[in-house]
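# Descriptive structure summary
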Amino acid sequence: MAMDEPKTLVSTDWLEAHLKDPDLRVLDASWYLPTAGRDPKAEYAKVHIPGARFFDIDDIADSRSSLPHMVPTPEKFISRMRAMGIGDGHQVVVYDTAGVFSAPRVWWTFRLMGKHDIAVLDGGFPKWLAEGHPVEDMPPILRERHITVQRHAELVKNVTQVAAASKLGDHEIIDARAPGRFAGVDPEPRPGLRMGHIPGSKNVHFATLLNPDGTMKSPEALRAVFKAAGVDLRKPAITTCGSGVNAAMLALALELVGHRNHAVYDGSWAEWGMYNDLRVATAKAASEA
């Protein structure tokens, strides 16, 4: 059954019904690992949902950091959103061409900036196309719009905070990477990183959050996924992944099950796996714990 909640998740039918609303803004936030060999910006130029703007996760980021697509400063976020014609009073819907993959990262970024009128398109562009909804290849007409933001620092964690949480065990650290990477038996897609996971973390692969058609599972089914992974939903949560993109899928899933005390570890494994002074656990260590 489709869920339409303009602050978390909306269906393709909801979006088509509201597509011509004057205060609706649609974002294509498609992103892929470099190993995928895909150019999401070029794909957007060829075909996208009518009126959609392209949100470049790698560009609308903190350029001062050597880590991939760390969250932008509020000033940079304001500047880019104004130029894209996205501002106060807009309802935003964000999608990606994988289904539900990178769009939640933008949903979370908006929430970090204090903007809550944003939803992920359930099933994303593949579902939109499969159902025959309209598409276009025209760039949107952009008019600047004023936007105010208020950064909510509690929604993001840095490496020091995550290391403390790992040591103290006072948070559930949930890792969205594939089981092989979490266990330390499959190599990381980014060169130079160690293999394994943050000690004490639990593995909830992002793919387990989805139905076969690429839509998000129901709140009840999501709760069962977290329970099966040993996640205690009574504790505050920190979500992590390879570089902070799929961690936002976990954040969306936690929001859908009514868990409000969650934050994303922005540096994720791209940061943790780089520093030899940070402890790493593997499947063997976990089985002995």
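Described below are features of the structure shown in this document. Every value quoted in this text rests on a predicted model; they were computed, and no experiment measured them.

Before going further, it helps to spend a moment on empty space enclosed by the protein. Evaluated as defined, the whole model comprises 1 cavity of 30 Å³ or more. Here the largest cavity defines a volume of roughly 60 Å³. Lining the largest cavity are Phe55, Ile57, Ile60, His69, Pro72, Arg105 and Thr109. Residue classes in the lining of the largest cavity are distributed as 4 nonpolar, 2 polar and 1 charged.

Let us look at the pattern of salt bridges. Applying the stated rule across the entire model yields 17 salt bridges. Two residues, Arg80 and Asp59, come together in a salt bridge whose shortest N-O distance is 2.3 Å. With Arg80 in helix α3 (residues 74–83) and Asp59 in the loop between β3 (53–54) and α3, this residue pair connects regions lying 21 residues apart in the sequence. Across the pair Glu255 and Arg111 runs a salt bridge, and its minimum N-O distance is 3.2 Å.

Moving on: the packing of helix α8 (residues 219–228) against helix α9 (residues 247–256). Here α8 crosses α9 at 120 degrees, and the two axes come no closer than 9 Å. By the angle between their directions, the pair α8 and α9 is classed as oblique. Crossing hand, α8 versus α9: left-handed. Here Pro219, Leu222 and Phe226 of α8 lie close against α9, whose contacting residues are Leu250, Ala253, Leu254 and Leu256. When its residues are assigned to classes, the contact of α8 with α9 shows 7 nonpolar, no polar and no charged.

Attention now goes to the sheet that holds strand β10 (residues 262–265). Strands in a sheet are paired, the pairing made by backbone hydrogen bonds, and the direction either parallel or antiparallel. Within the open sheet, the 5 strands sit side by side as β6-β10-β9-β7-β8. Their pairing is parallel. The outermost strands of the open sheet, each flanked by one partner alone, are β6 (156–157) and β8 (202–203). Here strand β9 (residues 237–240) pairs with β10 via 3 bridges, running parallel. The partner of Ala237 across the bridge, within β10, is His262.

What follows concerns helix α4 (residues 103–112). Residues three or four positions apart in an α-helix share a direction because the helix packs 3.6 residues into each turn. For α4, the buried fraction is high: 10 of the 10 residues fall into the buried class. Along α4, the residues classified as buried are Ala103, Pro104, Arg105, Val106, Trp107, Trp108, Thr109, Phe110, Arg111 and Leu112. Gly114, located one to two residues past α4, shows a positive phi value of around 85 degrees.

On the surface, Asp4, Glu5, Asp13 and Glu16 cluster together into a patch of negative charge. Considering the arrangement of structural elements, one finds Glu16 in helix α1 (residues 12–18).

Here 5 strands make up an open sheet; going across it, the order is β1-β5-β4-β2-β3 and the pairing parallel. Only two strands of the sheet have a single partner each, and these edge strands are β1 (9–10) and β3. Note that β1 and strand β5 (residues 118–121) share 2 bridges and pair parallel. Bridging from a neighbouring strand, Leu9 pairs with Val120 of β5. Packing against the sheet, α4 makes contact with β2 (24–28), β4 (91–95) and β5, and its axis sits at approximately 175 degrees to β5.

This next bit is on the packing of α4 against α9. Running from amino to carboxyl end, α4 crosses α9 at an angle of 70 degrees, the nearest separation of the two axes being 8 Å. Judged on the interaxial angle alone, α9 and α4 are roughly perpendicular. In the crossing of α4 with α9, the sense of the turn from one axis to the other is left-handed. Across from Pro104, Arg105, Trp107, Trp108 and Arg111 in α4, the residues of α9 making contact are Ala248, Met249, Ala251, Leu252 and Glu255. Tallied by class, the residues present in the contact of α4 with α9 amount to 7 nonpolar, no polar and 3 charged.

So, how was this worked out
- Sequence positions are assigned chain by chain, starting from 1 and proceeding in written order.
- Residue-level local features of this predicted model are given only where pLDDT is at least 70; pairs of side-chain atoms are given and counted only at 80 or more, and the full residue set underlies all totals for whole chains, interfaces and linings.
- Hydrogens and water molecules were not included; the side-chain quantities draw on all heavy atoms of the structure.
- Using only the protein atoms, space was sampled on a 1 Å grid; points where a 1.4 Å probe fits but cannot get out form cavities, open sets with protein on both sides within 12 Å along at least five of seven lines form pockets, and lining residues are those with an atom within 4 Å of a point.
- Grid points are joined across faces, edges and corners, and a volume is the space filled by probe spheres set on the points.
- Charged residues are taken to be Asp, Glu, Lys and Arg, nonpolar residues to be Ala, Val, Leu, Ile, Met, Phe, Trp, Tyr, Cys and Pro, and polar residues to be all remaining types, Gly included.
- We define a salt bridge as a side-chain nitrogen of Lys or Arg found within 4 Å of a carboxyl oxygen belonging to Asp or Glu.
- Numbering of helices and strands starts at the N terminus; helices are DSSP runs of H or I of at least 4 residues and strands are runs of E of at least 2.
- Angles shown run from 0 to 180 degrees and are taken between the N-to-C directions of axes, each axis being a line fitted to C-alpha atoms and, for helices, limited to the stretch in contact.
- Throughout this description, any angle smaller than 35 degrees is read as roughly parallel, any larger than 145 degrees as roughly antiparallel, any in the 65 to 115 degree range as roughly perpendicular, and the remainder as oblique.
- Crossings are assigned a handedness: left-handed for a near helix turned anticlockwise from the far helix by less than a right angle, right-handed for a clockwise turn.
- When checking whether two residues touch, look at their non-hydrogen atoms; a contact exists if any pair is within 4.5 Å.
- Should DSSP find at least two bridges between two strands, the strands are regarded as paired.
- Exposure categories follow from relative accessible area, calculated using a 1.4 Å probe and restricted to protein chains: below 20% of the type maximum is buried, above 50% is exposed, and the middle band is partly exposed.
- Like-charged residues within 9 Å of one another, or nonpolar side chains (Val, Leu, Ile, Met, Phe, Trp, Tyr) within 5 Å, are grouped into patches, provided each residue has over 30% relative accessible area and no salt bridge.
- Only the protein chains shown count as cover for residues, and all accessible areas are computed by the Shrake-Rupley method using a 1.4 Å probe.
- Counted as positive: Lys and Arg. Counted as negative: Asp and Glu. His and the chain ends are not counted at all.
- A single reference atom marks each charge: NZ on Lys, CZ on Arg, CG on Asp, CD on Glu.

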